[in-house]
Amino acid sequence: MKHSHVFHLTRLRLAGLYAGTMGVILAVCGVVFYEAMTHSHFSELNHRIESVAGTLHDGLEASLQEPGRLEPVVQQFLPTLCVAQTDCANQLPTAHYLGVFQQEGYYIRFLDLSGRVLASAGQVPTALPQAVKTEPWQTLETSDGNRYRQISLVLKTTQQQPWGYMQVGRSLQDLDEHLVWVRVLLLIGLPIAMLVVVAASWWIAGQAMNPVSHSYRQMQQFTADAAHELRTPLAAIQATLESTLTPESTDTDAWDTLRTVERQTGRLSKLVQDLLLLSRMDLQALPVPRQLCTLNHVVSDLVEEFAALAIAADIALIADLPKDRSITVLGNEQQLYRLVANLMINAIQYTPAGGKVIIRLRHDDHHALIQVQDTGIGISLKDQSRIFDRFYRVSSDRSRQTGGAGLGLSIAQAIAQAHQGNIRVESQLETGSTFTVQLPLKQGD
Ligand code: ADP
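The structure contained in this document is the topic of the report that follows. If you're wondering where the values come from, they're calculated on a predicted model, not measured in any experiment.

### Some points on the side chain of Gln-167
Checked against the element boundaries, Gln-167 lands in strand E6 (residues 162-171). Among the polar contacts listed, one links the side chain of Gln-167 to the side chain of Ser-152, at a separation of 3.3 Å.

So this is what it looks like as structure tokens:
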């Protein structure tokens, strides 16, 4: 399967999972919001009906004398009370309670103990069921589809005998209309939100896949480069062996071949060691031992070691170390030697005869700084961002003669990072380069 197809499928799956999860969360939030809103509206309505009913109940009960008989005082309390079987068409809304009933769709009914309606006021629905139920709260539905919320309270006479029932209720029409609107909004809004979520998921999945796809391409490039680098010495060995394994070849030819084979296998084994070191560092399988390393010793040892190479290349190798103080870091001495050596080899290799290479050791408050400065060929700005990539060589032909496989700086950078440090490069073509390694100082220095 082509890798682009795999990435496309993975992106689809990621986007699907994300959109699905977000869809479920959105739907649950929508339902919870709707339920919470309905509940809060109902609670508020119940509270208002209860407070109206409570006030009436307390005001009326003190004046009731005989069960089922409406005293005139009730009529005074509720001037527009319409007594059953009378014509109430001309009554005017004057009392405060009636005002509430008319404006907000409230109604009140008085029933005797058998459930017969004695009188009513407010916006009493025509087809309201009359049965008195035992539970105080009821939600009733009339035949025309309107719903009503109602509370039934038992009224008692002054002698504490049951008088009958008082029912206070209110139409749920405005609330139902409001809830229908909310439902419509949710039903339209949720699919639109889902479309946005799907588009966002696709984009986010793309962003998430980017680094994976990038490192996959890097891995492919790395494998191809490694194979290429391994093939070159192997091809050289094979060609040399083939040219020697002829009946005409002499002992001298055989010795020459063996020397070539030795040189090429040395190159191969160095390459394999470098690759192994890098992959172990990638896997963090090479823990950095926390031993004290004095950088003054590392640098002066290496300057001594490369002195002969510098003389042979006609380059002045200068060490600039602090005389009065040792700069110490915690880390792996062998790896730090390797780091500085790689920078020094490059500086010598990429500096023409007559040039200078200066190694400085400095420190600031928290870091040790190792600087390798040369007056060499320099590195263009474009290449500066790539020279730490594995197998990257600025000019393959030139570097093949002088340098290695393009792993020196990658290894140096991996070592610096394993020591919680970093490497910077400043360079100008035809003028020279300065590589600066920054490593955390041992605490207390
Ligand atoms: P190599 O082993 O080929 O030298 P490196 O990883 O050490 O690989 O370096 C990568 C490339 O960076 C080299 O091929 C070289 O072109 C460039 N480079 C490194 N150091 C210097 C330097 N001091 N001056 C100029 N070019 C350099």
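### Here we look at the nonpolar core
If you look at the biggest cluster of nonpolar residues, it comprises 52 residues, and the most contacted ones within it are Leu-295, Leu-339, Met-344 and Phe-435. Counting 28 residues, the second largest nonpolar core, distinct from the first, contains Tyr-34, Leu-60, Val-168 and Val-182.

### Quick notes on the sheet that holds strand E3 (residues 117-122)
Pairing within the open sheet is antiparallel, and its 6 strands lie in the order E1-E3-E2-E6-E5-E4. Looking at the sheet topology across the chains shown, the edges are occupied by strand E1 (82-83) and strand E4 (137-141). The pairing of E4 with strand E5 (residues 147-156) spans 5 bridges and is classified as antiparallel. Across the sheet, residue Leu-140 finds its bridge partner in E5, namely Tyr-148.

### Re the environment of Ser-213
Residue placement: Ser-213 occurs in helix H4 (residues 173-244). Sequence spacing of Ser-213 and Lys-382 is 169 residues, and the spatial spacing of their C-alpha atoms is 23 Å.

### Points about unusual backbone geometry
Not every positive phi belongs to a glycine, and Gln-160 is a case in point at roughly 65°. On the secondary structure map, Gln-160 appears in the loop between E5 and E6. Phi is positive for Phe-391, which is not a glycine, with a value near 70°. Structurally, Phe-391 is set in the loop between helix H8 (381-384) and helix H9 (396-402).

### Focus: the sheet that holds strand E8 (residues 316-320)
With mixed pairing, 5 strands are arranged side by side in an open sheet as E8-E10-E11-E13-E12. Of all strands in the sheet, those with a lone pairing partner are E8 and strand E12 (422-428), marking the two edges. Pairwise comparison of adjacent strand axes, ignoring direction, gives a mean angle of 15° for this sheet. Pairing of E8 with strand E10 (residues 356-363), which is carried by 5 bridges, proceeds in the parallel orientation. Paired with Asp-320 across the two strands is Arg-360, which belongs to E10.

### Some remarks on the pairing of E5
Regular strands place side chains that alternate from one sheet face to the opposite one. The antiparallel hairpin formed by E4 and E5 contains 5 residues in its connecting segment, where Gly-145 sits at a positive phi of about 90°. Sheet topology note: the E5/E6 ladder contains 9 bridges and is antiparallel. Residue pairing across strands places Ser-152 opposite Gln-167, the latter belonging to E6. Counted between consecutive antiparallel strands, the loop separating E5 from E6 contains 5 residues, among which Gln-160 sits at a positive phi close to 65°.

### Side note on a nonpolar patch on the surface
Taken together, the side chains of Val-180, Trp-181, Val-184, Leu-185, Ile-188, Ile-192 and Val-196 make up a nonpolar region of the molecular surface, amounting to roughly 690 Å² of accessible area. With respect to the helices and strands, the residue Ile-188 is situated in helix H4.

### Concerning the pairing of E10
The pairing of E10 with strand E11 (residues 367-374) spans 7 bridges and is antiparallel. Counted as the bridge partner of His-363 is Ala-368 from E11. In this structure, the hairpin formed by E10 and E11 is closed by a connection of 3 residues.

### Regarding the packing of helix H7 (residues 333-349) against helix H10 (residues 408-418)
Axes are the key here: two packed helices are described by the angle between their axes and the distance separating the axes. Where H7 contacts H10, the two axes come as close as 9 Å, and the packing angle between them is 145°. Between H7 and H10 lies a crossing of left-handed hand. In this structure, H7 contributes Gln-335, Leu-336, Arg-338, Leu-339, Asn-342, Leu-343 and Asn-346 to the contact, and H10 contributes Gly-408, Leu-409, Ile-411, Ala-412, Ile-415 and Ala-416.

### What about the packing of aromatic side chains?
In the structure shown here, the tally under the stated rule is 5 aromatic pairs. Where Phe-110 meets Trp-163, the ring centres are 6.2 Å apart and the plane angle is 90°; that geometry is what we call edge-to-face. Remark: Trp-163 occurs in strand E6 and Phe-110 occurs in strand E2 (residues 106-111); sequence separation between them is 53 residues. A relative accessible area of 1% places Phe-110 in the buried class. Here Trp-163 falls in the buried class, since its relative accessible area comes to 1%. Look at Phe-388 and Phe-435: their rings are 6.4 Å apart centre to centre, the planes differ by 75°, and that puts the pair in the edge-to-face class. In this pair, Phe-388 is assigned in the loop between H8 and H9 and Phe-435 in strand E13 (residues 432-440), connecting sequence segments 47 residues apart. Each member of the pair, Phe-388 as well as Phe-435, carries the same accessibility label: buried. It is Arg-11 that lies over the ring of Trp-202; its NZ or CZ is 4.0 Å from the centre.

### Side note on H4
Its 72 residues place the ends of H4 104 Å apart at the C-alpha level, agreeing with the 106 Å of an ideal helix rising 1.5 Å per residue. Met-209 marks where H4 bends most, by close to 30°; the proline Pro-211 follows one to four residues later.

### Examining the pattern of salt bridges
Once the charged atoms of two side chains with opposite charge are near each other, the side chains can pair. For the structure on display, the rule yields 15 salt bridges. With a shortest N-O distance of 3.1 Å, Arg-170 and Asp-174 are connected by a salt bridge. Its salt-bridge partner being Lys-382, residue Asp-383 comes within 3.8 Å of it at the nearest N-O pair. Looking at Asp-383, the relative accessible area reads 7%, which means it is buried. Exposure remark for Lys-382: the relative accessible area of 63% places this residue in the exposed category. Residues joined in a network through salt bridges with shared partners are Glu-66, Arg-69 and Glu-71.

About the thresholds
- Residues numbered from 1 in each chain as written.
- Predicted model: local features only at pLDDT ≥ 70, side-chain atom pairs only at ≥ 80, totals over all residues.
- Heavy atoms only, no water.
- Helix = DSSP H or I, 4+ residues; strand = E, 2+ residues; numbered from the N terminus.
- Polar contact = N/O pair within 3.5 Å; in protein donor to acceptor, adjacent residues only side chain to side chain.
- Core = buried A, V, L, I, M, F, W, Y, C linked by side-chain atoms within 4.5 Å.
- Buried < 20%, exposed > 50% of the residue type's maximum accessible area, 1.4 Å probe, protein only.
- Pairing = 2+ DSSP bridges.
- Axes fitted to C-alpha atoms, helices over the stretch in contact; angles between N-to-C directions.
- Patch = residues over 30% accessible without salt bridge, like charges linked within 9 Å, V, L, I, M, F, W, Y side chains within 5 Å.
- Areas by Shrake-Rupley, 256 points an atom, 1.4 Å probe, with all protein chains shown as cover.
- Salt bridge = Lys/Arg side-chain N within 4 Å of Asp/Glu carboxyl O.
- Left-handed = near helix turned anticlockwise from the far one by under 90°.
- Contact = heavy atoms within 4.5 Å.
- Phe/Tyr/Trp six-rings, centres within 6.5 Å; stacked < 30°, edge-to-face > 60°.
- Lys NZ or Arg CZ within 6 Å of the ring centre and 35° of its normal.
- Expected span 1.5 Å × (residues − 1).
- Bend = angle between axes of the 7 residues up to and from the residue.

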